[in-house]
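An overview of the molecular structure
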Amino acid sequence: MMRVRSKPEKRFLVTGATGFIGSHLAGALSEEGHSVCLLIRTLPTQSTTSDDRWNRIADWLRLSPAARARITVFAGDLDAPDLNLSADDARFLKANTEEIVHAAASTSFSERKRTEIFQTNIIGLGNLLSFMDGASCSRIHAISTAYVGGNPVAPCMEVFSPPHGCLNPYEESKHQAEILLREFCSRKGVRLFIYRPSIVYGNSRTGKTFRFNALYHPVRSIAYLRDLFMKDLLENSGNQARKMGISLDPTDHTLHMPIHFRKRQGTGVNLVPIEYCTDSILELMNAPGTDRIFHITNTKSTPLTDLVSFTGRLLKISGMVAEGVSAQQNPTSSALDHLFQRYMEPYQPYIEDTRVFDDSRAAQTLLPAGIHCPGFSYSIFEQCMTYAMKSNWGRTLGL
Amino acid sequence: MISREAARTAGQCRHYSMCKIDYLGTGLCPAGAENHFVSYYPQGRMDLVKAIAAGKLPVTQRLVDIANTCTLCGACELQCHFISELRLMSVMKELKEHVNEHLAAGNPVLPEFDDKSLRRNDPLLVELREITGPRWASNDPAITTAYFSDPSPVTIPKLPRAVVLPKSVEEVEGIVRVAKKHGVPFMVRGNGSSVMGFVMTDGILVDTQRMKTMDFDADNWCVTVGAGVSAFDLQKEAFARRYRVNVAEPAAMVCANLMCSGIMSLFSTTYGTLDDGYVDAEFVSPEGNRFRLKDNRQPDLYRFAREDHPLAGICTSVQMKLYPMTADEEGFLVPVESLQEALVFVRELSIRRIGFGLGVLGADYISAFMSPASALARAVKESTESTLRAPFMVMVLGDAKDRAAVESMNRTILSNDLFRTLMLGLPNLSPVSGESHDTLTDILQPLGDADGQPLSHLLGRSDLQPLIEAALKPSPETHASAVPEDLRAAYTRLYARPEMTDLVWLNMFRILSSRMGREKHLLPLIMYVPLDKPEVIDALVSGLKRIADSLNVKNDFGFVSPLDLGKRAFLEYDFYLDQNDPDEIRRSRMALGAAAELIERASASVNGVQWIRYTLNQGCCRKEYLLYSP
């Protein structure tokens, strides 16, 4: 959505600009006429520069020439106490940043990656705050998550949460990051805005995305298996497919591929599209009031049964079922069941989520502005997955 | 005129001697098999081309013969590519062309015995030729050059005054006496090769290549082996009789191994090491007298002392033990997440006497062998470590009962069938260049990062095998697709043979480790370690890694193999270097020096740590004297 504002131009520093949310925010801010500085790492294993990395994303975002002209890329690294900036760049950013959009984060849920997650989400944030200490910045906009340790029985409110109920190191780190930000901002008199999206997927209208994790990966794997066993059935008499109970319906060419997805409880996954996330944050940046924590969530979660049925319908696969099992049950599973259990494991808490997100504060600003979160329908799923498959899961995007 | 490309390829020869044995069953260099001097084998020809390119080797009578006897049959091309990825046919061709052009231009050929410094035939050589016959003793530079140097960074190159190839123990006695009479030093090489810099001489170089006798004694489960018999050739003959021998690398000579270090292999967990493997041996003393190990009046070669030891004699034959095999033998791998876990597990297997061959192997070791190309090996190593979370694997060679025992220990098992599937389908598992479509690795990658059991556990499920097979399409053709097009047919034929993916066979014949030096020359640091102190092994491994990393020397874990029911083990840690890069040579020398200090310190303070350098010339000592010496 192209937004036209009467607000005066501001000077932003955006971290995480090569990430999914950060890139969309950086692009939207520059389209709105703001000056945007991006802090982007140069990857040691790749020969591409920070500028190259951003330019490719800017192409993909189809930013206007005017918006691109308002963006400056700074090669830097949140891992370093001085952000690895040159002296000139550091001076410039300290003197010219009015507001920070902090979107850089590690989004891994893995306990094994705890150190890496905390390095980025806590130490990296600490480095950013130390760097900006005493600078001209008056506002910090931080991208957090709706899952910062909410209460499973009571609605999760748009307030700082007590430190309990975190399901993984990611949630834990984001909770700590909020506390760190609160302390810094209250000490320095900086206005803090915290945005807590739930699980973000591609553009619900166009399907566009360049991240194919979370919602996408199980679908990608199922599509892979479908192609693999279709080929086996059509070209190799189905020797391997048969051993796994996979067959082809000769009448409608539907592949029968038995996979049992299991869940024990919960209402489903809370999914929000990227354009809702971006539009909401831009709108909420200027929300009135002193409490500035906002849930960017969907009022309706999507049950696992819907996701499984959407996938079967799109890929013409039968035999995939989502089953409810009791907490005590641990049924024997086939290799494919087991494989997909592994895929779903990190997301299982979100699939089985019982948390309800109260977004009334965000809604006060968003509803009058006409910003609504769409329900996750089959047509949106189809749009998103068609884009994913057409782009060969990102291979053809040139990013 | 030797081209720069040929000279570069020639300079890359690692002297691993794999062109001197028919380890792929594809035939042996006919000129080498007939003439035995290293110069007639592809390895020697590589050294000759390197010397010609450097302007250091004139066209001599022998060089003409060496060039003429090469039929360009191509047997060496596959043998060399298999372990090193080098393409050496162009080198072989250029050697012939160089000689032909020289002759065509009417240039002179230096006669074989034209020794200008002596103004006449070297009297030493004359006497040596009397012992072996004129064909088998030479000081022609085209012969001696192939014995001049090796890829080790500590080698001090020396050109032998003469190279001699005895056929019998009597001839060895005669050679030693001639050396003594002339006051000339001598050095012995099993198959003429050197890789560690120990066997350089400017005196007489005795190459035992021609002493190829093998006498099997089925009644006593023994075989008596001459000094020119390679580990591969002996294993081949034993295998044909349904026996197994405990031997070292395939091109290594059995007798030379006995003298230098004793046998270190995964089979040592049951067959032992040092004196465990042989019944008796025959030697020729430095005075030229024959003696046997069992003789009372001779030097006590069973003793061990932690000190550098002079050569007690030339081992001319050894009576080795033969071991039985069963029909249900199988190799399999147990993936583990850390070295500590691997050490504890392999020790438990050893204590429980599970498996007749055991070893902890690093991902580098396994991926190097599985992959016919080094770029593919790097991708496989990366996947093994990060996606499978299996930086180490315990190799178990055992029978059906051993497998059942490991299964009962609730361990993930990657069976030989799965190993075969992965190896034959490897190019489809880890495409080196970006694929235009999803592969199994793309699909499994996100699971590697997740918590819970490592992905290797999933891979070990037998009901997942159809998926893996459908994804990888394992076949000799698929495997061969990873090598240059002109070699694919040969690789396809090779991998149609079941033994090439049979873990027991590959370990018996020591083919599994043959690709470790493919990217760079390998400098193995081998020591005996106390397996009941995994923290000591861990400290040694991390210490060696720190040393090499600090000097920017490529390094990796080699293997650990238990000994003596889990009390002790071999540890091999490997440094690597580009043998032609002076800066790498300098840095690897420094790394070796620091590594030596580390090992000596550990050896002085921890019981059970013994450096292999002290087994040089003490390889037939009693195992207990070494393993339990203070």
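Here we summarise the structure given alongside this text. In this text the structure is predicted, and so the values were computed from the model without any measurement. (Residues numbered from 1 in each chain as written. Chains lettered and ligands numbered in written order. Predicted model: local features only at pLDDT ≥ 70, side-chain atom pairs only at ≥ 80, totals over all residues.)

Topic: the overall build of chain A
Broken down by element type, chain A carries 14 helices and 12 strands. Taken over the C-alpha trace, chain A has a radius of gyration of 22 Å; the compact-globule value for 399 residues is 21 Å, and the two agree within 12%. Classification of the 399 residues of chain A by burial places 44% in the buried group. Across chain A, every contact between residues at least 6 apart in sequence was considered, and the portion connecting residues at least 24 apart equals 78%. (Helix = DSSP H or I, 4+ residues; strand = E, 2+ residues; numbered from the N terminus. Rg over C-alpha atoms; globule rule 2.2 N^0.38 Å. Buried ≥ 20, exposed ≤ 12 C-beta atoms within 10 Å, placed from the backbone. Contact = placed C-beta atoms within 7 Å.)

Section: the overall build of chain B
Helices and strands together make up the secondary structure of chain B, namely 27 helices and 18 strands. In terms of C-alpha radius of gyration, chain B reaches 25 Å, essentially the compact-globule figure of 25 Å for 630 residues. Based on the C-alpha atoms only, the size of chain B along its principal axes is roughly 80 × 60 × 50 Å. Counting all 630 residues of chain B, 55% fall into the buried class. Partitioning the contacts of chain B with sequence separation of at least 6, the portion at a separation of at least 24 is 74%.

Some details on the pairing of strand S6 (residues 191-197) of chain A
For a regular strand, side-chain orientation follows a simple rule: the groups alternate between the two sheet faces. All names here are of chain A. Within S6, 5 of the 7 residues are buried, which leaves the element mostly enclosed by the surrounding structure. When strand S5 (residues 139-143) meets S6, the two strands line up parallel, connected through 5 bridges. Bridge pairing in S6 links Ile140 to Leu192. Pairing analysis gives 4 bridges linking S6 to strand S11 (residues 293-296), with the strands arranged parallel. In the strand pairing of S11, Pro197 is matched with Ile296. (Pairing = 2+ DSSP bridges.)

Let's talk about the interface of chain B and chain A
Frequently, the measure chosen for interface size is the accessible area that the parts lose on association. Tallying the contact residues gives 18 residues for chain B and 26 residues for chain A. For the side of chain B that touches chain A, the elements supplying multiple residues, two or more each, are helix H19 (440-449) and helix H21 (465-472) of chain B. Here the side of chain B that touches chain A gets 5 residues from one element, more than from any other, and that element is H21 of chain B. Considered class by class, the residues forming the side of chain B that touches chain A number 10 nonpolar, 2 polar and 6 charged. (Nonpolar A, V, L, I, M, F, W, Y, C, P; charged D, E, K, R; others polar.)

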